[in-house]
Amino acid sequence: MVQIVPSLLSANFANLEQQIHLVETAGAKRLHIDVMDGHFVPNITIGPLVVSAIRKITTLHLETHLMIENPENYIPQFVSAGSDTVIIHVETTKDIPGELKRIRSLGARAGLVINPPTPFTSVEPFLSMINHLLIMTVNPGFGGQKMIQSALEKVRLAKSAAQKYGFPIEIDGGVNLVTLASAVSAGTDLLVAGNAVFGESDPALAFMDLERRANA
Ligand code: DX5
Ligand code: ZN
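Note that residues are indexed from 1 along each chain, following the sequence as it is written. Going through the entries in the order they are written, you letter the chains from A and number the ligands from 1. Per-residue local features are limited, in this predicted model, to residues with pLDDT of at least 70; the limit for side-chain atom pairs, both in listing and counting, is 80 or more; totals at the level of whole chains, interfaces and linings are taken over all residues. Only hydrogens and water are set aside when side-chain values are computed; all heavy atoms of the structure are taken into account.

## What about the coordination of the zinc ion (ligand 2)?
Condition: The rule for donors is simple: an N, O or S atom within 2.8 Å of the metal counts, and for Na, K and Ca the reach is 3.2 Å. Water is not among the atoms, so a site may look short of donors. Numbering of helices and strands starts at the N terminus; helices are DSSP runs of H or I of at least 4 residues and strands are runs of E of at least 2. Exposure classes here rest on a 1.4 Å probe applied to the protein chains alone. A residue is buried below 20% of its type maximum, exposed above 50%, and partly exposed in between.
The protein atoms donating to the zinc ion (ligand 2) are H32 (NE2), D34 (OD), H65 (ND1) and D172 (OD), with metal-donor distances spanning 2.0 to 2.3 Å. For the zinc ion (ligand 2), the donor residues sit on a single chain with the sequence spacing H-x1-D-x30-H-x106-D. Taken together, the residues H32 in strand 2 (residues 30–36) and H65 in strand 3 (residues 61–67) connect sequence positions 33 residues apart. What makes H32 buried here is its relative accessible area of 0%.

Take a look at the structure:
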């Protein structure tokens, strides 16, 4: 079954608990948390303090997407805050095998993410070491952008390794009721959706519609 993973980036930050419970009650299993530092991407979002506050009010699987420079300096904080999966960018990390190992040794699942302009060959050497592969289908930094369809080619390229090593393939950016079909047919297991869930007047209904459509 293909899962929709709501991204908190488009939620009402003045009422995160209510927003999270909406999608949890609607059947979400995971929550995508976008961490931005104003350096690797132009925007600034949330840090470990907020992740640990979220941890206390939900049992959803928390996947923390680190869009930050020098992620190695913050991995322990995001794991101890309660992240179940920590996802690091192949573009930011100097010692990728070392950091993936560190995430796992701290007790979380280790994810790797690749930006649209970065060639698939840059993640290929690490596919045997990951628990999660995230393929950006927009340039990171903002919600509500248009999906870059050509990035879906990386889903196809990753599929045999994903089956061999048993990790899910997730895409992030521009998912909506129209674009999800091409992502699902490329072989995506998890679809992050920010604006298409929390940008709607009824996020629970929007989540359920997306998940139904993704599995039709
Ligand atoms: C973008 C973030 C995404 C974002 C996706 O940098 O990584 O997770 O929330 O938002 P939508 O679904 O609105 O494109
Ligand atoms: Zn993200």
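## Description of helix 4 (residues 96–105)
We apply this condition: The arc under discussion is defined with respect to the helix axis, by the directions toward the C-beta atoms. By definition in these notes, contact holds between two residues if any of their heavy atoms fall within 4.5 Å. Polar contacts, as used here, are pairs of N or O atoms within 3.5 Å; protein pairs need one atom able to donate a hydrogen and one able to accept it. Residues neighboring in sequence count only if both atoms are side-chain atoms.
Those residues of helix 4 lying buried are I96, E99, L100 and I103. For helix 4, the arc enclosing every buried residue in end-on projection is 100°, short of the 170-degree limit, so these residues lie on one face. Turned more than 90 degrees away from the buried face of helix 4, the exposed residues are K101 and S105. Contacts from the buried residues of helix 4 go to helix 3 (75–80), strand 4 (85–89) and strand 5 (109–114). The N-capping residue of helix 4, defined by a side-chain oxygen 3.0 Å from the backbone nitrogen of G98, is D95.

## Quick notes on the site of ligand 1
Note the cut-off: The nearness test applies per residue and asks whether one of its heavy atoms lies within 4 Å of the molecule or strand. Using a 1.4 Å probe, the Shrake-Rupley method yields the accessible areas, and only the shown protein chains count as cover for residues. A cavity here means a set of points on a 1 Å grid, drawn over the protein atoms and nothing else, where a 1.4 Å probe fits but cannot get out; a pocket is an open set with protein on both sides within 12 Å along at least five of seven lines, and a residue lines either one if it has an atom within 4 Å of a point. To qualify as sitting in a cavity or pocket, a molecule needs more than half of its atoms within 2 Å of the grid points. Charged residues are taken to be Asp, Glu, Lys and Arg, nonpolar residues to be Ala, Val, Leu, Ile, Met, Phe, Trp, Tyr, Cys and Pro, and polar residues to be all remaining types, Gly included.
In the neighbourhood of ligand 1, 20 residues make up the surrounding shell, with S7, D34, G141, G144 and D172 lying closest. Within the side chain of H32, one N or O atom sits 3.3 Å away from an oxygen atom of ligand 1. Here G141 contributes a backbone N or O atom positioned 2.8 Å from an oxygen atom of ligand 1. Coverage of ligand 1 by the protein chains reaches 99% of its 380 Å² of free accessible surface. A molecule is said to occupy a pocket when more than half its atoms come within 2 Å of that pocket's grid points, and by this definition ligand 1 occupies the largest pocket. Counting residues per element, the ones that place at least two in the shell around ligand 1 are strand 2, strand 3 and strand 8 (190–193). Considering each element in turn, the shell around ligand 1 owes the most residues, three residues, to strand 2. For the shell around ligand 1, the per-class residue count stands at eight nonpolar, 10 polar and two charged.

## Description of the sheet that holds strand 2
The strands making up a sheet are joined through hydrogen bonds of the backbone, oriented either antiparallel or parallel. The criterion, for reference: Two strands form a pair only when DSSP identifies at least two bridges running between them. Orientation is described by lines fitted to C-alpha atoms, with helices fitted over the stretch in contact, and by angles between N-to-C directions that extend from 0 to 180 degrees.
Judged by pairing direction, the sheet is parallel, and its eight strands sit side by side in the order 1-8-7-6-5-4-3-2 without closing on themselves. Of all strands in the sheet, those bounded by a partner on one side alone are strand 1 (3–6) and strand 2. Neighbour to neighbour, the strand axes of the sheet diverge by 25° on average, direction disregarded. Sheet topology note: the strand 1/strand 8 ladder contains four bridges and is parallel.

Honestly, it's all geometry; don't read function into it.
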